[in-house]
Every structure is written in C-alpha cells, then in structure tokens.
Amino acid sequence: MNNILVQKYGGTSVGSCEKIKRIAENIATCKKNGSRIVVVVSAMGDTTNQLTNKAFQISAQPPSRELDMLLATGEQVSISLLAMAIKSLGEDVISLTGGQCGIITDDNHKKAKITQINTDRIISELDKDKIVIVAGFQGINNSNDITTLGRGGSDTTAVALAASLKSKICEIYTDVDGVYTTDPRKVKSASLIKTISYDEMLELASLGSTVLHPRSVELARKYNVPVSVKSSYTMNKGTLVTEVKNMEKIVVRGLALDQEISKISILEVPDKPGIAYKLFAELSSKNITVDTIIQNVNRNAINDISFTVNSTDLEESIRICENIVTDIGAKNVIYDNNVSKLSVVGAGITSSSEVASLFFKSLYELGINIQMISSSQIKISCIIETEHALKALTYLHDMFHLNKLNE
Ligand code: ADP
Ligand code: ASP
Ligand code: MG
C-alpha cells in the first residue's frame, strides 16, 4: 500500500483540454514507473468564479446548500475529462466525486471541514490497478448533502487523502515553480524557497499566500505528510514543505499580503468584563474567523474595539455587530474595506526586535501609516491602507534581502 502517490492539479493546470491531455501523460508515466496513483483535480480555470457569478445573478444571497451543489459541479467536469484523457492513453482509470470516495465533512456549507475519510472505495479501485481521479474541494455531510471546503480547498482534499492513504508525499502541481519568498506575480524579484517548515508555510498560507490552502498545511503538519509544490509545466523540483529542525537561526522566510480583509470598529464600548466575550462568541457561533484585534482605552471607562475579518464575511459580521451594539451599550459600528494585511514570516523573528524595527522603519520611509499591528512567534503583521500595499510589499522584499536565493 505504501507505493501510493497522491497528486493534485490546480485550476490553471487543467484549464483547457490541451492541458488536461498534457497532465494525463504525466500521470500515466508515474503509473508506469510503479506508483499507485490518486489524482485530485480542481475545476477548470476560472470555472468556480464563473459559477459563483451566476449564482449571484440569480440571488443576492444564494442559499449555502445550493451554492455548494453548484460549485461542486466544476470539479466534476475536470475529473471526467481527465479520466477520458488517461483512458485514451491506454491506462485503466476511474473518476470519483468527493462523496463517492468517502470524504465526509461537517455541515458547514461553503467552508466545511473534513471529519472522516472512508478510503475503502479508493483502495478497491487501486487494487483493480486503476488510476483514481478525485474531485477536489468537496465532500458530503452526514445527510448526504454536497459540501465544499472553501476556496482553494482542493489542496486540502489532496493532503487529507495523502494522510489517510499513507502516501509518502503529496505532490501539488500548480502554475508557479513552487513557494516563493512572496507572490511572484506581485514582486518580480521573488525567489523560490527550496525547503520550508510546516509552521512557516502555515503562517504564509493563512496570511494570504494562496499557493496552498491553509488547512492543507495544517493537516500536512498534523499527519506529517511532506508536501511538494511544483509547476505542472516544468520538471523543476519546486518546494518541499516538511518538518525542519534547526530553527535557532532567525530567518525571514517570506512576506504575505492579504488584500481580502476588512476592518470593523465598534465605538464607545463600556470598559467592563464580558463585553469582548459576548461579541466574539456571537461571531464565532457563525463561524466567522476574527483576526488582529485591538482595544483602545479611551476616557471614562469607554473603549473602541477594532478587528479584521475576511472580506467575504464582512456583511454578516456587520449585521451581527449592529445587533449587539445596543445590547452591550456601545455607540455604533463602522467598517473599512480598503485595508490590507502585510506580514513578515520566519521562525523566531519576534525573539529579536530587529525584524519589527526594520519592518516599521520601511513603512515609515514610505510614509505609510500603520493602523494595527499583531505578532506571534513567527510573524509580524501590519494593517495598512490597500492603496499602498503593493508598493510596501516590493520595498520590504528588498529591505529584507529576499531576492537573494533562500535555501
Ligand atoms: P491552483 O489553481 O494551482 O491551486 P492558485 O492560484 O490557488 O493555483 O495558487 C497559485 C498562485 O498562488 C500563484 O499563481 C501565485 O500568484 C500565488 N501565490 C501567492 N503567494 C505565493 C507564494 N509565496 N509563492 C508562490 N505563489 C504564490
Ligand atoms: N475550484 C475551487 C476554487 O477555485 C477549489 C480549488 O481550486 O482548490 O476555489
Ligand atoms: Mg489553489
């Protein structure tokens, strides 16, 4: 069973019939080299966006269950086409939806979490010497309804399968050569990182480096699955995401920019126990993830509380906050969706103040105001105006000498 290899091909890699035929050849070659192959694919090119747009043309608030039903069709197109392409190369193959291959999730439509994988069907098809093609990004809940795992979720399908099937490695094929010091489409001088630790990759992914879905990295770390990120066009080695020891040296590994966030402020909140609890418990009960939180102490036991959310959760968060404002005796709610989060990531960077000081100095030199700051053991993030974000990213990349090749 240990010669199972899980590969994942992203949307651009299966973006046309020509590309599907090309990756079919790659897959058939891996099979001939002796691996038992499970392939996870995304929807073709821009399909998921197009389907989402259609839903919003029909309804301003499409029901989550129906949205998942719709979005999951994208992956179903690519699994069947890829299976046809592989079959025509003479290899035996079968395509399976998330539900058919036993991917069970919770009920949380649009951002469901995998709770269990029953691999029996996959194993039985592999035992028949077939290549198994799995639809990424989807599963079924306990009521047999189709769920999706959140945008970019096919990476998570792949790593979850690799963990369940005990694949030696999970190969993620994408449209860039691997993980770079920052998004190579935003900063031309970004350099390829050959090896990166799970912790650092998890921070980069969570802070806006869309190259890997954050939950895929969480799973890879939990089950110790090495992940190889590489291009589906070149034969380059790419980046290995794995357990990296020797974290003593402070290294700035990369920069991330998240432009999909919004800032919400609740003004004139009474300064007494239980207020923050009430607010954040309500947001959390609706599965809204809250990031950078700041409480300013004003005068006369009155505070302002500000925090950031993903822009897709902005409307719902505002509704929740507005409902709670009178309850907690605050004045009102304001928001700003013209903000971005710029982050520096690297093991141990907050154990010395040098990185923070260079980060803040760079923003000062550019005349950029920092609206919020947050940090953990391995990252420092600043919330700044979106208008300045790209300029700041490029400048910081230079200041931290990230264009010199990393190891
Ligand atoms: P796929 O469809 O293959 O899943 P994605 O678009 O989800 O591809 O992810 C690949 C993209 O991630 C790249 O095209 C690149 O623009 C972006 N990206 C963001 N940050 C990074 C980074 N640090 N390294 C590499 N790519 C990055
Ligand atoms: N097709 C889904 C998306 O575009 C899932 C994925 O590509 O990983 O988000
Ligand atoms: Mg992706």
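Q: Would you mind showing me how to read the overall build of the protein here?
A: A count of helical and extended segments in the protein gives eleven helices and 18 strands. Taking 407 residues into account, the globule formula puts the C-alpha radius of gyration at 22 Å, and the protein, at 22 Å, falls close to it. Its C-alpha atoms put the protein at 75 × 50 × 35 Å along the principal axes. Scored against the burial criterion, the 407 residues of the protein give a buried share of 52%. Long-range contacts, defined here as pairs at least 24 residues apart, represent 74% of the contacts in the protein between residues at least 6 apart. Per element, the accessible surface of the protein, about 18900 Å² overall, is 49% carbon and sulfur. Between the averaged position of the 43 positive side-chain charges in the protein and that of its 45 negative side-chain charges there is a distance of 4 Å.

Q: What am I meant to see in the state of the cysteines here?
A: Note on terminology: a disulfide is the covalent bond linking the sulfur atoms of two cysteines. A complete count under the given rule lists zero disulfides for this structure. Cysteine cysteine 30 is unpaired, with the sulfur of cysteine 170 as its nearest cysteine sulfur at 13 Å. Classification of cysteine 30 as buried rests on a relative accessible area of 15%. As a non-bridged cysteine, cysteine 101 has cysteine 170 as the owner of its nearest cysteine sulfur, 14 Å distant.

Q: Please explain the layout of surface pockets as it appears in this structure.
A: Gaps between atoms show up when a probe of the same size as a water molecule is rolled over them. Looking at the second largest pocket, its volume works out to about 330 Å³. Together, 14 residues line the second largest pocket, and Ile114, Ala160, Leu219, Lys222 and Tyr223 are the ones closest to its centre. Residue assignment for the lining of the second largest pocket shows that the elements contributing at least two residues are strand S5 (114-117), helix H5 (154-165) and helix H7 (214-223). The element contributing the most residues to the lining of the second largest pocket is H7, with five residues. Residue classes in the lining of the second largest pocket are distributed as six nonpolar, four polar and four charged.

Q: Even after reading the chapter, I still don't get unusual backbone geometry, so can you show me in this structure?
A: Glycine aside, residues mostly have negative phi angles, and peptide bonds mostly take the trans form. Backbone geometry places aspartate 129, a non-glycine residue, at a positive phi of 70°. Mapped onto the elements, aspartate 129 comes out in the loop between helix H4 (120-127) and strand S6 (131-135).

Q: Can you walk me through helix H11 (residues 389-399) in this structure?
A: Turn by turn, an α-helix covers 3.6 residues, leaving residues three or four places apart pointing in a common direction. Every buried residue of H11 is listed here: Ala389, Ala392, Leu393, Leu396 and His397. Buried residues along H11 cover an arc of 135° about the axis, so they all sit on one side. Of the surrounding secondary structure, the elements contacted by the buried residues of H11 are strand S13 (254-270), strand S16 (332-345), helix H10 (354-365) and strand S18 (379-385). Histidine 401 occupies a position one or two residues after H11 and carries a positive phi of about 55°.

Q: Even after reading the chapter, I still don't get H7, so can you show me in this structure?
A: Of all the positions in H7, only Arg215, Ser216, Val217 and Ala220 are classed as buried. Residues of H7 that are buried sit in contact with H5, helix H6 (198-206) and strand S11 (227-231). Looking at the residues trailing H7, positive phi occurs at asparagine 224, about 55°.

The rules behind these values
- For every chain, the first residue of the written sequence is number 1, and numbering continues from 1 along that sequence.
- Chain letters start at A and ligand numbers start at 1, both assigned in the order the entries are written.
- For a predicted model such as this one, the threshold for reporting local features is a pLDDT of at least 70, and the threshold for listing and counting side-chain atom pairs is 80 or more; totals across whole chains, interfaces and linings nevertheless cover every residue.
- The side-chain values count all of the structure's non-hydrogen atoms but skip hydrogen atoms and water molecules.
- We count a stretch as a helix when DSSP gives it H or I for four or more residues in a row; a strand needs E for two or more, and each element gets its number in order from the N terminus.
- Here the globule rule is a power law, 2.2 Å times the number of residues to the power 0.38, and the radius of gyration is based on C-alpha atoms.
- Residue burial is assigned from relative accessible area. The probe radius is 1.4 Å, only protein chains are included, and a residue is buried under 20% of its type maximum, exposed over 50%, and partly exposed in between.
- For this analysis, residues touch if any pair of their heavy atoms sits within 4.5 Å.
- Accessible areas in this description were obtained via Shrake-Rupley with a 1.4 Å probe; residue shielding takes into account the shown protein chains only.
- Here Asp and Glu are counted as negative and Lys and Arg as positive; His is not counted, and neither are the chain ends.
- Just so you know, the charge point we use is NZ for Lys, CZ for Arg, CG for Asp and CD for Glu.
- What counts as a disulfide here is a pair of cysteine sulfur atoms lying within 2.5 Å.
- A cavity, in this analysis, means grid points on a 1 Å lattice covering only the protein atoms where a 1.4 Å probe fits yet has no way out; a pocket is instead an open set bounded by protein on both sides within 12 Å along at least five of seven lines, and a residue lines either one if it has an atom within 4 Å of a point.
- Grid points are joined across faces, edges and corners, and a volume is the space filled by probe spheres set on the points.
- In the scheme used here, Gly and all other residues not listed as nonpolar or charged are polar, with Ala, Val, Leu, Ile, Met, Phe, Trp, Tyr, Cys and Pro taken as nonpolar and Asp, Glu, Lys and Arg as charged.
- When we speak of the arc, we mean the arc of directions from the helix axis to the C-beta atoms.

These values are about where atoms sit, not about what they do.
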